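# Residue-level structural notes
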Amino acid sequence: MEISEVVDHAHVLMQEPSSEPIVVEEKEPIVEQEEPVEPPTYDAFDTLLNPEAAQVAEEPEPLESKTKESDAKQMKKQANVSRAKVFEREQRIVEATVWQVNASGVLVQAKGVTGFVPFNQLSKEHKFKVSDAQKQAQRVIGGSTEDAKVRKAGMHVLTGSVLHVAVMSVDEEAGRVIFTERVKRQNQTAPLTESILKQVSQQVGNIVDAHVRNVRDFGVFVDFAIHDQVSNSQVSVLGLVYTTEVSWDAERPRLSPGDTLKAKVIHVDIPKKHIFLSFKRTTPNPLLETLDSLLDTTTTTTQNAHGLTEEESRTTFDASSDMRPLLGDLEDAVKLKSLLETVQGVQNVTLGPRLQSRASSQNVEIYLAKAEESNGTKKVIVRRGYDVQEMAIQSSGLVSRQDLIDIISQQQHKY
């Protein structure tokens, strides 16, 4: 500013205030219009991953250093695009972790590929989750759910979440990879016609490769392939695995769309057009497996006086597997023992070894062995969680097998 300008300005400031009222014009408030948020390019991912790269250095970097950095970014961009194109070509469904968000979607990393999932490509479940979070943010921040700040605040609820996505598009020039959670299987399931259902019913007991399509509270919807004899082609059919058929263990595994598991076809309801499968029945019942493996049954072969071969089965126990010396008796087995000892005709109740099952039961389970020992002893198995304990019952003829079943059933309902 020139010296004369300063003096004139000072003169104006020192003038006496005018007696005329000052009229202040009301102006409309200036509303900052936010530009629509575009999905970031691969360079933007680098900036978010390395915030220091976005800071301006005090001293200009040499041109050679900038060229090397640019070449390195270009190589990373090409590698990212190349991997994404493999996923796209193979129509692969992969797990992706959300590590950053913006107002229009989430940034994810999936098996070495960095990409973007727009809000409209999220699953219904995640859309509802984000919408609920946006409503909560709106009450705190104010404004509407269309405001970028509110939308971004709602997106933060997905940070760290694992999504199951497929590549939707790849922009090689920009290095941009767009994922989608709204995965549609190329092989649509065939209508469950009577002909198809009859063919599936012939496969009851067979084990198939089942692909998880949807997971609900009551079960898992899966599809699996069969050869349709009418069209002479491979078709995919839809079936249901009830929650109780997912696992022998009370703690069921976490399943997601796109998972592939072995399943056994267990029932086909032709009138209702329902196909039922089981994941757990593809493996032995762990309880029976535990008893068979820990209670070793050996067979002794002898010859009688007439020269005929006689076989005698004898059950022996591997003492090293017994957890009873370490853990004591199972509390539920002790309660059942006390109850049985009060029953008229029960002469003796002995608690046996305590074992560890490979799978867990949620409630108390009591089993009565079908076969009796040669001396009339009846075997009972008590199970809770991973613990299994054997019990031997000796009784007179006054107590029948059915009496024991009734007593055990009544006791089991009390747990």
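Look up: the structure comes first, before these words.
Residues numbered from 1 in each chain as written. Predicted model: local features only at pLDDT ≥ 70, side-chain atom pairs only at ≥ 80, totals over all residues. Heavy atoms only, no water.

Right, let's get into the overall build of the protein. Helix and strand counts for the protein stand at 10 helices and 14 strands. When each of the 415 residues of the protein is scored for burial, the buried share is 34%. In the protein, once contacts between residues fewer than 6 apart in sequence are set aside, the share between residues at least 24 apart is 62%. With an accessible surface of roughly 26,800 Å², the protein has 50% of that area assigned to carbon and sulfur atoms. (Helix = DSSP H or I, 4+ residues; strand = E, 2+ residues; numbered from the N terminus. Buried < 20%, exposed > 50% of the residue type's maximum accessible area, 1.4 Å probe, protein only. Contact = heavy atoms within 4.5 Å. Areas by Shrake-Rupley, 256 points an atom, 1.4 Å probe, with all protein chains shown as cover.)

The subject of this paragraph is the pairing of strand E10 (residues 274-278). The element E10 is extensively covered by neighbouring structure, given that four of its five residues are classed as buried. Pairing between strand E9 (residues 260-269) and E10: five bridges, direction antiparallel. Within E10, the residue paired with Asp269 across the bridge is His274. Hairpin remark: E9 followed by E10, antiparallel, with four residues in the connecting loop; positive phi at Lys273, about 60°. (Pairing = 2+ DSSP bridges.)

Evaluation of the coordinates by the stated rule reveals 12 salt bridges. Of the charged contacts, one joins Arg384 and Asp332 as a salt bridge, the two residues approaching to 2.6 Å between their closest N and O atoms. Of this pair, Arg384 sits in strand E14 (residues 378-395) while Asp332 sits in helix H9 (residues 331-340), and the two are 52 residues apart along the sequence. A residue is classified by how much of its surface remains accessible, and Arg384, at 34% relative accessible area, is partly exposed. Given a relative accessible area of 5%, Asp332 falls into the buried group. We note a salt bridge from Arg354 to Asp387, for which the minimum N-O separation is 3.3 Å. Placement of Arg354 in strand E13 (residues 346-368) and of Asp387 in strand E14 is noted, with a sequence separation of 33 residues between them. Each member of the pair, Arg354 as well as Asp387, carries the same accessibility label: buried. (Salt bridge = Lys/Arg side-chain N within 4 Å of Asp/Glu carboxyl O.)

As a further point, take helix H4 (residues 124-141). The periodicity of an α-helix, 3.6 residues per turn, causes residues three or four places apart in sequence to face the same way. Its 18 residues place the ends of H4 25 Å apart at the C-alpha level, agreeing with the 26 Å of an ideal helix rising 1.5 Å per residue. Within H4, the full set of buried residues consists of His126, Val130, Ala133, Gln134 and Ala137. Summarising the axial view, the buried residues of H4 lie within an arc of 110°, below the 170-degree limit, and thus occupy one face. In H4, the exposed positions that point more than 90 degrees away from the buried face belong to Lys124, Glu125, Phe128 and Arg139. Gly142 lies just past H4 and shows a positive phi near 95°. (Expected span 1.5 Å × (residues − 1). Arc of directions from axis to C-beta.)

Moving on: the packing of aromatic side chains. To describe a pair of aromatic rings, one takes the distance between the centres and the angle between the planes. Under the defined criterion, the tally for this structure stands at two aromatic pairs. For the ring pair Phe218 and Phe221, a centre distance of 5.9 Å and an interplane angle of 90° mean the geometry is edge-to-face. Judged by relative accessible area, which is 40%, Phe218 ranks as partly exposed. Summarising the aromatic geometry, the rings of Tyr242 and Phe276 are spaced 5.6 Å apart at their centres and angled 15° between planes, so their arrangement reads as stacked. (Phe/Tyr/Trp six-rings, centres within 6.5 Å; stacked < 30°, edge-to-face > 60°.)

Looking now at the nonpolar core. Of all hydrophobic cores here, the largest spans 23 residues; its most connected members are Val200, Phe224, Ile275, Leu277 and Phe279. Listing elements by their share of this core, those giving two or more residues are helix H6 (194-201), strand E6 (207-215), strand E7 (219-228), strand E8 (233-242), E9 and E10. Among the elements that line this core, the one with the most residues is E7, at four residues. Ignoring anything within four residues of it in the chain, the contact list for Phe224 reads Val200, Val208, Asp209, Ala210, Val235, Ser236, Val237, Val265, Ile275 and Leu277. Judged by nonpolar contacts, the second largest core, of 20 residues, contains Val108, Val117, Val165 and Phe179. (Core = buried A, V, L, I, M, F, W, Y, C linked by side-chain atoms within 4.5 Å.)

Looking now at the layout of surface pockets. Taken as a whole, the largest pocket holds about 1,200 Å³ of empty space. Considering the residues around the largest pocket, the lining is formed by 30 residues, among which Ser123, Glu181, Arg213, Asn214 and Pro257 are closest to the centre. Elements supplying a minimum of two residues to the lining of the largest pocket: H4, strand E4 (162-171) and E6. Broken down by element, the residue count for the lining of the largest pocket peaks at five residues, all from H4. Taken together, the residues of the lining of the largest pocket break down into 11 nonpolar, eight polar and 11 charged. (1 Å grid on protein atoms, 1.4 Å probe; cavity = no way out; pocket = protein on both sides within 12 Å on 5 of 7 lines; lining within 4 Å. Points joined across faces, edges and corners; volume = space filled by probe spheres on them. Nonpolar A, V, L, I, M, F, W, Y, C, P; charged D, E, K, R; others polar.)

Let's shift gears to H9. The complete set of buried residues in H9 reads Asp332, Ala333, Leu336 and Leu340. Projection of H9 onto a plane perpendicular to its axis shows the buried side chains occupying an angular sector of 100°, all on one side.

What follows is about unusual backbone geometry. Within the chain, Lys111 stands out as a residue other than glycine whose phi angle is a positive 50°. Relative to the helices and strands, Lys111 is located in the loop between strand E2 (105-110) and strand E3 (113-118). The phi dihedral of Lys273 falls on the positive side, at around 60°, and the residue is not glycine. Counting through the fold element by element, Lys273 comes out in the loop between E9 and E10.

Quick look at the environment of Asp322 now. When you line up the elements, Asp322 lands in the loop between strand E12 (309-317) and helix H8 (324-327). With a relative accessible area of 19%, Asp322 lands in the buried category. Once the C-alpha coordinates of Asp322 and Leu355 are considered, the two residues, 33 residues apart in sequence, prove to be 5.6 Å apart. A distance of 2.9 Å separates the side chain of Asp322 from the backbone nitrogen of Arg324, its partner in a polar contact. For Asp322, the side chain forms a polar contact with the main-chain nitrogen of Arg354, separated by 2.9 Å. (Polar contact = N/O pair within 3.5 Å; in protein donor to acceptor, adjacent residues only side chain to side chain.)

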